[in-house]
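Coordinates in review
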Amino acid sequence: MTTKLGAALEVVTATDPGMVRSHNEDSIAADRELGLAVLADGMGGYNAGEVASGIAVAMLTSEMREALAGTSANEADASGTPFAVTLIRDSAGKANAAIYQAAQSQPQYAGMGTTLVAALFYDNHVAIGHIGDSRLYRLRGDGFEQVTRDHSLLQEQIDSGMISKEQARYSQNKNLVTRAVGIDPEVETEVHTYEVEPGDIYLLCSDGLSDMVEDEDIHNTLSMLRTNLPLAAQQLIQLANDNGGRDNISVILVRVLGDYAVPSGWFARLKAWFG
Amino acid sequence: MAKLIMSLDNAVIREVPLDKERVTIGRKAHNDIQVDNLAVSGEHAVIVTILNDSFLEDLGSTNGTLVNGNPVKKHILQTNDVIEIGKYKFKYVADQGAGKASVADFEKTMVLRGPVPRAAAAPGAGGFGDTQINTTTTVSSPSHPPASLGKQPEKMAAVQILTGPNAGKELELTKNLTTLGKPGVQVAVITRRPHGHFITHVEGANFPIVNGKPLDAQAHQLNDHDVIELAGVKMEFFLKNS
């Protein structure tokens, strides 16, 4: 079943320190067989940001690999919540605890933290979890939309009607997140599930892309270069760098090539077992 | 750290680091910088330093405070400003290193902890907790307009089709990306970048040909009057004089 999921997805990752920073504090990982993409944008002095984002990504990947070996992501619990949702929440919680503890115990890591966005594809669905201002966008046909809503001061200001989206583009508070992994003993991960359609392209990115390149340009790039995802990823990074590249830029692109419903019913399961 | 270079009649007397939030200047002994001269008031002026910004305030002195020859009450100090108090001159020198660092730092993602008080949104309203650093430094940092504003190359460019049924047609490259060719057969993209236009192969078994030479997977910079061949159609790239 998992091989089928792997064959249904095309995954491309790219990360770049940008034009200004010497370090890359972003961490990314993708596992096509698991249907998993994780991106984290670390913060904190010296190399603490890299450490935080690195822990988050490593923790999520290994936790999920282990858990998914035993349980299918589509299995619903008593309340009807798919395991994918619980799994994202639990692994993000563990990553939070690990980063928080490292930050508490080692002075050079004090105050480190990271944003997180993770997508777990299962049974023609995707579970998307995020904390902070790393984003996930979806291109479906001609429609391009931002799926996650930032946990940031700016987003709260927009929501409360204090400033317009237009004003927000010029705001100086772009870099203030209201939620992050590893800052407090506990963190709440926002997780939602969506149905996917063949042909969908999902973009996970750090704010190094979304702050430097307007949504419209991201949309144009993805729809024009949708046949060549590696080039699209490279082009997005180039756009951010051409606009100044003030922060690390990371992108993960996932294209859904086809159906990957989990076979249900004994015959389908038997067929999958042999197939 | 910023500092003041104190001089009298062009002779440097001493350097004073602005190592605390308030550095007072005056005739009386309790001042941080004591200037023993009758033209100087007992409490003459104060320099308040917050992070990398220093503010000069005249404390209602009898003979006033000049900055670069102009009398001031309050003044945000810029590097190389010369403050005159009596016959004494103080040249303000900001810390160059710290200045650079602050520009880089202010872009860094930071966490805003706890519930966000709505009032805190106004800059300088306080209540930012850990992130105070951010609000104060951003005040003096230039806001950068995002993305493609004013970033286009100076010249507009276009592609004119030379062969095939659409020969003679002209396509202006008004967007950052323009795709050319036949989807499913051969497609290339022309990207508009600050330093010029570039062509890159997108899909298809054949790569685009520029001036008779096939490209590889790398982006190739286009020059005025380059001839591009794509899916059997020739076209010319040229710069427009706007």
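Focus on the packing of helix α2 (residues 48–70) of chain A against helix α3 (residues 83–105) of chain A
Residue and element names in this part refer to chain A. At a closest axis distance of 9 Å, the pairing of α2 and α3 adopts a crossing angle of 140°. Regarding the angle of α2 to α3, the classification is oblique. Here α2 runs over α3; the crossing is right-handed. Across the interface between the two elements, Ala52, Ile55, Ala56, Met59, Leu60, Glu63, Met64 and Ala67 of α2 pack against Leu87, Ser91, Ala92, Lys94, Ala95, Ala98, Ile99 and Ala102 of α3. Tallied by class, the residues present in the contact of α2 with α3 amount to 13 nonpolar, one polar and two charged.

What about the confidence of the model for chain B?
Residues and elements named next belong to chain B. Taken over all residues, the pLDDT of chain B has a mean of 78, while the share at 70 or more is 76%. Mean pLDDT values over the elements of chain B span from 30, in helix α2 (residues 132–140), up to 94, in strand β18 (residues 209–210). Note on residues 98–104: pLDDT under 50 across the span, and eight contacts to partners over four residues away in sequence or across chains. Predicted complex, confidence summary: ipTM 0.76, pTM 0.70.

Some words on the sheet that holds strand β7 (residues 65–67) of chain B
Residue and element names in this part refer to chain B. Taking strand neighbours across the sheet as the criterion, the six strands line up as β2-β1-β11-β10-β7-β8 in an open arrangement whose pairing is antiparallel. Lying at the two open borders of the sheet, with one neighbouring strand each, are β2 (11–17) and β8 (70–72). The sheet shows a mean angle of 30° between the axes of neighbouring strands, direction not considered. Pairing between β7 and strand β10 (residues 82–85): two bridges, direction antiparallel. Bridge pairing links Val67 to Ile83 in β10.

Considerations on the sheet that holds strand β4 (residues 33–34) of chain B
Residue and element names in this part refer to chain B. Taken in spatial order, the five strands make up an open sheet running β4-β3-β5-β6-β9, and their pairing is mixed. Since the sheet does not close on itself, it has two edges, and those belong to β4 and β9 (74–76), each with one partner. With six bridges joining them, strand β5 (residues 45–50) and strand β6 (residues 53–58) adopt antiparallel strand pairing. Bridging across to β6, Ile47 finds its partner in Leu56.

Topic: the pairing of strand β17 (residues 196–203) of chain B
Residue and element names in this part refer to chain B. The sheet contact formed by strand β16 (residues 186–193) and β17 spans seven bridges and is antiparallel. When the bridges of β17 are listed, Val187 appears paired with Glu203. Across two bridges, the pairing between β17 and strand β20 (residues 220–221) is antiparallel. Paired with Ile199 across the bridge in β20 is His220.

What counts and how
Residues numbered from 1 in each chain as written. Chains lettered and ligands numbered in written order. Predicted model: local features only at pLDDT ≥ 70, side-chain atom pairs only at ≥ 80, totals over all residues. Axes fitted to C-alpha atoms, helices over the stretch in contact; angles between N-to-C directions. Helix = DSSP H or I, 4+ residues; strand = E, 2+ residues; numbered from the N terminus. Parallel < 35°, antiparallel > 145°, perpendicular 65-115°, else oblique. Left-handed = near helix turned anticlockwise from the far one by under 90°. Contact = placed C-beta atoms within 7 Å. Nonpolar A, V, L, I, M, F, W, Y, C, P; charged D, E, K, R; others polar. pLDDT = per-residue confidence, 0-100. Pairing = 2+ DSSP bridges.

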